[in-house]
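Structure at a glance
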Amino acid sequence: MYREISNPAYTRREYITGIPGSKIAQHNMGNLQADPDDYPVHISLEVTEELQIRHGSLESARLSANRLMLKEAGEGNYKMVLRKFPHHVIRENKQATGAGADRVSDGMRQAFGKPVGTAARVGADETIFTCYCDPEDAATVKDAFRRAYNKISPPCRVVVEKGEALLVA
């Protein structure tokens, strides 16, 4: 319902009241002190089309990917970054339902809507997650990203940005 980018961005939080909080708990996972250049392999999850991803979907994808990485690789052996933040506020014009709803609802009169959540606007071929790891953990990262993209709506692809020669050899 909120997947297409159809309206201008609605992000000015100083003018909007009642925005629900973001469900995203953290954007950096794994070894937080490590620098990305400390790891020889960089693997990313990219979206193939332009759309909006709600904050609940981003958080569930992050949780499933991070849980597998913690279990298989261990906390100090990788660094994963969620690259998108849900800035866009989503509105919904709630409709009354049930008996007598036609008498109490206004239909489309003043149908601006109330804030119901937030979403990240993502363009085609933009990166959502990036994971920095060692070559022996690359297969685990790819499986974690496969689990992550099953939690979000757009078609995605896993891209090895750096260290592809280490994985092939």
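Definitions and limits used
- Residues numbered from 1 in each chain as written.
- Predicted model: local features only at pLDDT ≥ 70, side-chain atom pairs only at ≥ 80, totals over all residues.
- Heavy atoms only, no water.
- Pairing = 2+ DSSP bridges.
- Helix = DSSP H or I, 4+ residues; strand = E, 2+ residues; numbered from the N terminus.
- Axes fitted to C-alpha atoms, helices over the stretch in contact; angles between N-to-C directions.
- Contact = heavy atoms within 4.5 Å.
- Salt bridge = Lys/Arg side-chain N within 4 Å of Asp/Glu carboxyl O.
- Buried < 20%, exposed > 50% of the residue type's maximum accessible area, 1.4 Å probe, protein only.
- Phe/Tyr/Trp six-rings, centres within 6.5 Å; stacked < 30°, edge-to-face > 60°.
- Lys NZ or Arg CZ within 6 Å of the ring centre and 35° of its normal.
- Expected span 1.5 Å × (residues − 1).
- Arc of directions from axis to C-beta.
- Core = buried A, V, L, I, M, F, W, Y, C linked by side-chain atoms within 4.5 Å.

**Section: the sheet that holds strand β1 (residues 28-30)**
Strand pairing within a sheet occurs via backbone hydrogen bonds; the two strands may be parallel or antiparallel. Pairing within the open sheet is antiparallel, and its five strands lie in the order β1-β4-β7-β2-β8. Edge positions in the sheet fall to β1 and β8 (156-162), since each has one partner strand and no second. Strand-to-strand twist in this sheet, taken as the mean axis angle between neighbours without regard to direction, amounts to 20°. Bridging between strand β4 (residues 78-82) and strand β7 (residues 127-133) involves five bridges; their strand directions are antiparallel. Its bridge partner being in β7, K79 is matched across the sheet by Y132. Packed on one face of the sheet, helix α1 (residues 55-72) meets β1, β4 and β7 and runs near 175° to β4. Contacts between helix α3 (residues 138-149) and the sheet are confined to β2 (41-47), β4, β7 and β8, with β2 contributing the most and set at about 15° to the helix.

**A word on the pattern of salt bridges**
In total, this model carries six salt bridges according to the counting rule given. The shortest N-O distance in the salt bridge between E59 and R62 comes to 2.9 Å. Taken together, the residues E59 and R62, both in helix α1 and three residues apart, mark about one turn of the helix. Taking relative accessible area as the criterion, E59 reaches 10% and is therefore assigned buried. Of the residues examined, R62 reaches a relative accessible area of 5% and is grouped as buried. Residue K84 is joined to E126 by a salt bridge in which the shortest nitrogen-to-oxygen separation is 2.5 Å. Remark: E126 occurs in the loop between β6 (114-122) and β7 and K84 occurs in the loop between β4 and β5 (88-92); sequence separation between them is 42 residues. Shared partners join several salt bridges into a network, and the residues in it are E46, D125 and R157.

**Comments concerning the sheet that holds β6**
The three strands are arranged β3-β6-β5 in an open sheet whose pairing can be described as antiparallel. The strands lining the two open edges of the sheet, one partner per strand, are β3 (51-54) and β5. Taking the axes of each pair of neighbouring strands and ignoring which way they run, one obtains an average angle of 50° across the sheet. In the packing of α1 onto the sheet, the strands contacted are β3 and β6, and the crossing angle to β3 comes to about 70°.

**Some remarks on the side chain of N66**
One can find N66 in helix α1. On the accessibility criterion, N66 (9% relative accessible area) is buried. Residue contacts for N66: discarding those within four places in its chain leaves Q26, M29, Y78 and M80.

**Observations concerning the packing of aromatic side chains**
Tallying each qualifying case throughout the model produces one aromatic pair. Sitting over the ring of F112, R91 keeps its end group 4.0 Å from the ring centre.

**Remarks on unusual backbone geometry**
A positive phi angle, near 65°, is found at D125, a position not held by glycine. Secondary-structure assignment places D125 in the loop between β6 and β7.

**Comments concerning α3**
An α-helix turns once every 3.6 residues. As a result, residues three or four positions apart point the same way. Between its first and last C-alpha, α3 extends 17 Å over 12 residues, near the 16 Å set by a 1.5 Å rise per residue. Along α3, the residues that are buried comprise A138, T140, V141, A144, F145 and A148. The buried side chains of α3 occupy one side of the element, clustering within an arc of 155° when seen end-on.

**Quick notes on the nonpolar core**
Grouped together as the largest cluster of nonpolar side chains are 30 residues, with contacts concentrated most on I53, I128, F129 and F145. Elements that contribute at least two residues to this core include exactly β2, β3, α1, β4, β6, β7 and α3.

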